[in-house]
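Residue-level listing of the chains:
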Amino acid sequence: MCGIIGYVGSKNSVPYIIDGLKKLEYRGYDSAGISILQDGKLVTVRAVGKVAELEKAALLENPQGTSGIGHTRWATHGKPSEENSHPHTDCSGEIVVVHNGIIENYLVLRAKLESLGHRFKSETDTEVIAHLIEENLKHVRNGSKEVCLLKAIQKTNKEISGAFAYGVLWAQTPGILIGVKNQSPMVVGIGKGENFLASDVPAFLKHTNKVLFLEDGEIVLIHAKEVKVLDKDGKEKKIKTTKIDWDQQKAEKGGYEHFMLKEIYDQPQAIEDTLRTARTDFGKILGLDTIGLRHLKEVHIIACGTAYHAGLVGKYYIEQFAGIPVSVDLASEYKYRTVPHHQGTLAVAISQSGETADTIGAIKKAKELGFRTLAICNVLGSTLTRICDSTFFTHCGPEISVASTKAFTSQITGLYALAISLGNANGNISQSVFEKLYKELMRLSKAMSESVKMEYDVRHLTRKIYKADRFIFLGRNVNFPIALEGALKLKEVSYRSAEGFAAGEIKHGPISIIDKNTPVFMLMPQDSLFEKMLSACQECRARGAFVVAITTEGGVAEAKKVAHKVIIVPQVNDFLQPILNVVPLQFLAYWIAKRLDCNIDQPRNLAKSVTVE
Ligand code: M6R
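Predicted model, so just to flag it, every value in this text is computed and none were measured. Numbering of residues begins from 1 in every chain and follows the order in which that chain's sequence is written. With the structure being a predicted model, the display of local features is reserved for residues of pLDDT at least 70 and the display and counting of side-chain atom pairs for 80 or more, all residues being used for whole-chain, interface and lining totals. Just so you know, side-chain values use all the structure's heavy atoms and leave hydrogens and water out.

Re the domain arrangement of the protein
- Annotation of the protein at the domain level lists domain 1 (3-252), domain 2 (256-442) and domain 3 (450-613).
- Put simply, the middle of domain 2 and the middle of domain 3, counted by C-alpha atoms, are 25 Å apart.
- Facing the 42 residues of domain 2 at the interface are 37 residues of domain 3.
- Buried area: the accessible area, evaluated with a 1.4 Å probe, that two parts lose upon being put together, summed over both parts. Between domain 2 and domain 3, roughly 3300 Å² of surface is buried when both sides are summed, and carbon and sulfur atoms account for 64% of that area.
- The three residues of domain 2 that bury the most area against domain 3 are Met 260, Tyr 316 and Val 402, which together make up 20% of that side's buried surface.
- Only one rule defines a salt bridge in this text: a Lys or Arg side-chain nitrogen within 4 Å of an Asp or Glu carboxyl oxygen. At the boundary of domain 2 and domain 3, one finds two salt bridges.
- One salt bridge connects Glu 399 with Lys 608, and the closest N-O pair in it is separated by 2.7 Å.
- Any pair of nitrogen or oxygen atoms within 3.5 Å is treated as a polar contact; in protein, a donor-acceptor pairing is required on top of that, and neighbouring residues in sequence qualify only through side-chain atoms on both sides. Linking domain 2 with domain 3 are 21 residue pairs in polar contact (both at pLDDT 80 or more).
- For the side of domain 2 that touches domain 3, the secondary-structure elements that each account for two or more residues are helix H7 (259-265), helix H8 (267-276), helix H11 (305-322), helix H13 (357-368), helix H15 (406-425) and helix H16 (431-442).
- Here a strand is any run of E in DSSP of at least two residues, a helix any run of H or I of at least four, and the numbering for each starts at the N terminus. Among the elements that line the side of domain 2 that touches domain 3, the one with the most residues is H11, at nine residues.
- A breakdown of the residues in the side of domain 2 that touches domain 3 according to their chemical character gives 22 nonpolar, 14 polar and six charged. A domain assignment, automatic or from a database, supplies the domain bounds used here. Two residues qualify as a contact provided that any one of their heavy atoms is within 4.5 Å of a heavy atom in the partner residue. Gly is placed with the polar residues, together with every amino acid not listed as nonpolar (Ala, Val, Leu, Ile, Met, Phe, Trp, Tyr, Cys and Pro) or charged (Asp, Glu, Lys and Arg).

Next up, the structure:
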């Protein structure tokens with residue numbers, strides 16, 4: 001995630017761009033920058049931190065110009081710093097680029113461009129775009145400057161791979177802004193005598209509600225009074241605009257009422273983005289240390305809250321695929337217990353924010369004990385990533401809602417990739433098994449797109465049960481942590497009492513709290529433990545519980561015999577199944593909280609990032 005805004009019109013573009021960036025801060029906020037075309041020259045101002053910092057810097061510099069671009073960054077390549085902030089320029093300083101997405105082959109391209117004499121100023125993947133355009137411009141001579149720029153951009157798009165939406169200004173083509181979209185969002189706002197390019201509608205909604213949504217592979221040429229779109233074959237396309245009737249607040253949430261709901265729906269994309277570079281990332285992380293890996297004796301997973309639940313799922317993965325014993329600790333406990341010192345221990349800290357004090361304290365202890373450390377984290381440059389020896393980044397973009405949803409499923413996705421990579425590296429699984437497991441993993445995002453379609457079913461169900469005093473969640477094996485997560489989510493946002501248990505445990509005590517009408521959610525995909533879950537359904541039903549079965553297609557007929565309501569999730573392999581099974585529980589928490597009129601995105605007593613012990 002990152003936010004892009006561009007303006008071409010007749011007024012000074014700076015206030016439009018700064019204001020647009022503020023509206024896009026939900027997409028990233030570790031640094032920001034603008035480039036304005038002033039008297040034939042590009043003036044760039046950048047600052048680390050929120051857009052307010054950029055605004056102060058821009059006031060001092062005071063650039064003026066009727067076309068400009070801006071960017072608010074959520075770091076993926078290169079720490080948050082002024083040099084890594086966008087816009088990025090070519091060697092001449094005449095081309096500026098703002099970009100959202102990941103250029104997967106940037107290292108190869110950078111090496112090639114450096115050998116041709118290009119000088120890079122940042123660590124980002126984005127900068128290769130500016131230099132590639134510069135390089136390609138050298139080879140297109142026929143046509144106007146605008147045509148040359150367009151051809152250079154078309155050639156650049158053929159050379160880069162990954163997800164990208166970017167905007168370009170060239171000092172030699174004043175009054176023209178070019179946008180490119182491929183698998184990252186980009187929209188155009190059509191105004192009167194002024195037009196906008198942005199990652200999302202709220203950036204310009206104050207000025208126009210006439211929006212042109214671009215398709216993947218398209219290029220847009222924006223002038224103050226004209227907008228042209230070229231399709232993926234380079235042919236001019238008829239423009240079709242849409243009138244948006246959202247208010248500003250709703251628009252920032254992508255049209256959803258709350259960030260939590262938006263973030264649940266972000267999950268297919270979040271998984272896709274997390275997996276985009278996972279194979280190479282783990283290849284690099286583990287490749288650094290192949291000798292140590294062969295001697296890896298144990299893994300300690302450390303995390304808090306939802307991230308801890310992801311870690312519990314990770315234990316099943318690593319033990320299954322890599323054959324290495326795993327302990328999972330709440331970070332606040334790990335720090336204060338006696339941890340025997342063993343050679344060959346890898347400590348894995350999981351954290352969305354990378355700023356959780358308990359997790360940081362625990363990983364520091366692991367370091368002191370001489371363990372190698374790996375962070376699974378969503379925020380580049382965060383404290384945790386600076387402490388750990390290496391980091392795997394979940395690329396799910398900023399998570400704004402206090403209740404974690406997309407970070408959770410991205411963390412488990414990352415843990416699965418880690419487990420099979422470890423297993424492959426230490427010989428516990430063969431190359432062909434690894435390839436098969438990876439293939440299944442790469443299909444997960446599509447299955448997640450199907451899963452989020454169940455909102456209506458869950459929403460409907462909550463009408464019946466939202467006033468219950470207590471909710472129970474049961475699962476076994478990889479689905480046990482999902483039961484814990486379902487309960488945590490519901491508690492956090494709806495303040496209802498909720499508990500999750502391993503289904504086999506209820507007869508050892510917890511069944512005593514189940515009474516007439518207690519809603520009990522059974523995580524029971526059709527796997528080797530399905531029969532046992534059917535028995536647990538019977539046991540709860542016999543105590544008067546309202547039983548909801550979350551199962552896969554193959555389990556529906558049997559589940560219907562014992563449950564009052566059946567929710568169907570798409571079937572994937574048994575180990576990936578928990579990543580989909582949690583989705584109905586996220587919707588459940590959301591809709592119960594909504595019906596109870598709770599403050600969903602900022603529940604009472606909670607903070608997004610707990611930076612104190
Ligand atoms: O930023 P972190 O992942 O380290 O945060 C850990 C927990 O504080 C966090 O998961 C918390 O439990 C969430 N509010 C859960 O929704």
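A word on the site of the ligand
- In the vicinity of the ligand, 13 residues are found, and the nearest of them are Ser 351, Gln 352, Ser 353, Thr 356 and Glu 492.
- Thr 306 is positioned such that a nitrogen or oxygen atom in its backbone is 3.1 Å from an oxygen atom of the ligand.
- Between Ser 351 and the ligand, the recorded distance is 2.6 Å, taken from a side-chain N or O atom to an oxygen atom.
- Calculation of accessible area relied on Shrake-Rupley with a 1.4 Å probe; when residues are assessed, cover is drawn exclusively from the protein chains displayed. Across the complex, the protein chains shield 90% of the 410 Å² of accessible surface that the ligand would expose by itself.
- Sorting the residues of the shell around the ligand by element identifies H11 and helix H19 (480-494) as the ones contributing at least two each.
- Grouping the constituent residues of the shell around the ligand by class yields four nonpolar, seven polar and two charged. To be near a molecule or strand, a residue needs just one of its heavy atoms within 4 Å of it.

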